[in-house]
Amino acid sequence: MVTLAEVAQHAGVSASTVSYVLSGKRSISATTRQRVEQSIRELGYHPNAGARALASNRSNIIALMVPLRTDMYVPVMMEIAIAVATAARTHGYDVLLLTGEEGPDAVRRVTGSGLADAMILMDVQLEDERLPLLRGSGQPSVLIGLPADASGLTCVDLDWTATGALCVEHLAGLGHRDVAVVGEAPAVYERHTGFAERTLEGLRSRARAAGVRLLHRACEGGYDAMAVTLARILEERPGTTGFVVQNESAVEPLLALLRQQGRAVPEDVSVVAICPDQVAVQASVRLTSVAIPAQEMGRHAVEHLVAKLDGRGGDEVVLLAPELTVRASSGPAPAAS
């Protein structure tokens, strides 16, 4: 392993000069800096992370708290996490991934140990118990999600309320007046997870305004759970002609069950999904959908966090506007018999 002293010898400078070039703590002439940087590249020198942290009082690590729960669609969570890691690397930061359901204990561990310079929190609940500690820590942080009270916080998220409203608006515009929502697993609503609650708020608000009768049912996902949920929906609202699905694991079971019952999509029933584009285009019927902008969410979170670390950013809420793509699963409501 190449040492700092070897870099200094190769560049013809003192070890302290190399250290100052790396830390930026003192002004070094452009010529000397270029010579040192060239030696670093040629020798393949990588500063010791522990020593660098001691010298700069920074670890150059961002902690990403992303609890991997069994009732959440993990591929979306990991796509956001990868986007965070990729964006962080372009700014010279590595990412420490915290996947346990530790809640405030994880925040306390990160802030108390100096493991990371800053934090990004995912899976945000409306009354998230991590937030009081986060506000009191003084450590730069960004939420990918929106709690009920965002004061003193920086939040980046899809505008889920507008997303729900957009789905109802699309179906109402096609003449559908009875719409059922196949939602996330019950535990997601029991935790009052922000994205699910806000989507439901948007669905209900727009349905009232448009004169649409809306029925929401949580669903564990999978074929058996979807079969039970669909039976309940059609028993309660036999005239249902529109479905909004916010549960990736329920999408294909719903389409299969509708086929088995002789309900053609979109001739008899329209389906709109809130899901990644990959899920929508690979379904047995290409789904009209609102995409989840995982890449943008991760990138915006890192950019706001780095701005805070550099002393340039303040607290703000950034909501990404939803976009609905019309595909083969939605069409005019069937004429009443």
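Residues numbered from 1 in each chain as written. Predicted model: local features only at pLDDT ≥ 70, side-chain atom pairs only at ≥ 80, totals over all residues. Heavy atoms only, no water.

**Q** Any chance you could break down the side chain of Thr 199 for me, citing the residues and the numbers?
**A** Within the secondary structure, Thr 199 sits in helix H10 (residues 194-210). Setting aside residues no more than four positions away along its own chain, Thr 199 makes contact with Trp 160, Gly 164, Gln 246 and Ile 274. (Helix = DSSP H or I, 4+ residues; strand = E, 2+ residues; numbered from the N terminus. Contact = heavy atoms within 4.5 Å.)

**Q** So what's going on with the sheet that holds strand E8 (residues 242-245)? Residues and values would help.
**A** Across the sheet, which stays open at both edges, the six strands sit in the order E7-E6-E8-E9-E10-E12 with mixed pairing between neighbours. Since the sheet does not close on itself, it has two edges, and those belong to strand E7 (213-218) and strand E12 (324-325), each with one partner. Judged from the four bridges that link them, strand E6 (residues 178-183) and E8 form a sheet pairing that is parallel. Following the sheet pairing, Val 179 is matched in E8 by Gly 242. (Pairing = 2+ DSSP bridges.)

**Q** Tell me about H10, residues and numbers included.
**A** Along its 17 residues, H10 runs 24 Å from first to last C-alpha, staying within 8% of the 24 Å computed at 1.5 Å per residue. Those residues of H10 not exposed but buried are Gly 194, Phe 195, Ala 196, Glu 197, Arg 198, Thr 199, Leu 200, Gly 202, Leu 203 and Ala 207. Residues of H10 that are buried make contact with helix H8 (160-173), E6, helix H9 (186-190), E7, E8 and strand E9 (270-274). A positive phi of about 70° marks Gly 211, the residue just after H10. (Expected span 1.5 Å × (residues − 1). Buried < 20%, exposed > 50% of the residue type's maximum accessible area, 1.4 Å probe, protein only.)

**Q** Summarise the packing of helix H11 (residues 223-236) against helix H12 (residues 248-260); cite the residues concerned and give the values.
**A** Relative to each other, H11 and H12 sit at 55°, their axes nearing to 9 Å. The pairing of H11 with H12 is recorded here as oblique in orientation. The element H11 and its partner H12 pack so that their crossing is right-handed. Across the interface between the two elements, Tyr 223, Met 226, Ala 227 and Leu 230 of H11 pack against Ala 250, Pro 253, Leu 254, Leu 257, Leu 258 and Gln 260 of H12. (Axes fitted to C-alpha atoms, helices over the stretch in contact; angles between N-to-C directions. Parallel < 35°, antiparallel > 145°, perpendicular 65-115°, else oblique. Left-handed = near helix turned anticlockwise from the far one by under 90°.)

**Q** Tell me about the nonpolar core, and please be specific about residues and values.
**A** Counting 50 residues, the largest nonpolar core has Ile 80, Ile 120, Ile 144, Leu 203 and Val 244 as its most contacted members. Counting residues domain by domain, this core receives three or more from each of domain 2 (61-158 + 294-320) and domain 3 (160-292). Apart from residues lying up to four places away in sequence, Val 244 is in contact with Cys 167, Leu 171, Val 179, Ala 180, Val 181, Val 182, Leu 203, Val 272 and Ile 274. Counting 26 residues, the second-largest nonpolar core is a separate cluster that includes Val 182, Leu 257, Val 279 and Ala 283. (Core = buried A, V, L, I, M, F, W, Y, C linked by side-chain atoms within 4.5 Å. Domains from an automatic or database assignment.)

**Q** Can you explain the domain arrangement of the protein? Please cite residues and give values.
**A** By domain assignment, the protein separates into domain 1 (4-47), domain 2 (61-158 + 294-320) and domain 3 (160-292). Here the C-alpha centroids of domain 1 and domain 3 sit 59 Å apart.

**Q** I'd love a proper account of helix H14 (residues 294-309), names of residues and values included.
**A** The terminal C-alpha atoms of H14 lie 23 Å apart, and with 16 residues this matches the ideal 22 Å at 1.5 Å per residue to within 8%. Among the 16 residues of H14, twelve are classified as buried, and the element is accordingly described as predominantly covered. Within H14 the residues assigned to the buried category are Ala 294, Met 297, Gly 298, His 300, Ala 301, Val 302, His 304, Leu 305, Val 306, Ala 307, Lys 308 and Leu 309. Two residues or fewer after H14 comes Gly 311, characterised by a positive phi angle close to 75°.

**Q** Can you tell me about the pairing of strand E2 (residues 94-98), naming the residues and giving the values?
**A** Two elements, strand E1 (residues 61-65) and E2, share five bridges in a ladder whose sense is parallel. Considered in E2, the bridge of Leu 64 is made with Leu 97.

**Q** Give me the lowdown on the environment of Gly 239, citing residues and values where you can.
**A** With respect to the helices and strands, Gly 239 occurs in the loop between H11 and E8. Remark: the alpha-carbon pair of Gly 239 and Val 179, spanning 60 residues in sequence, is separated by 8.9 Å.

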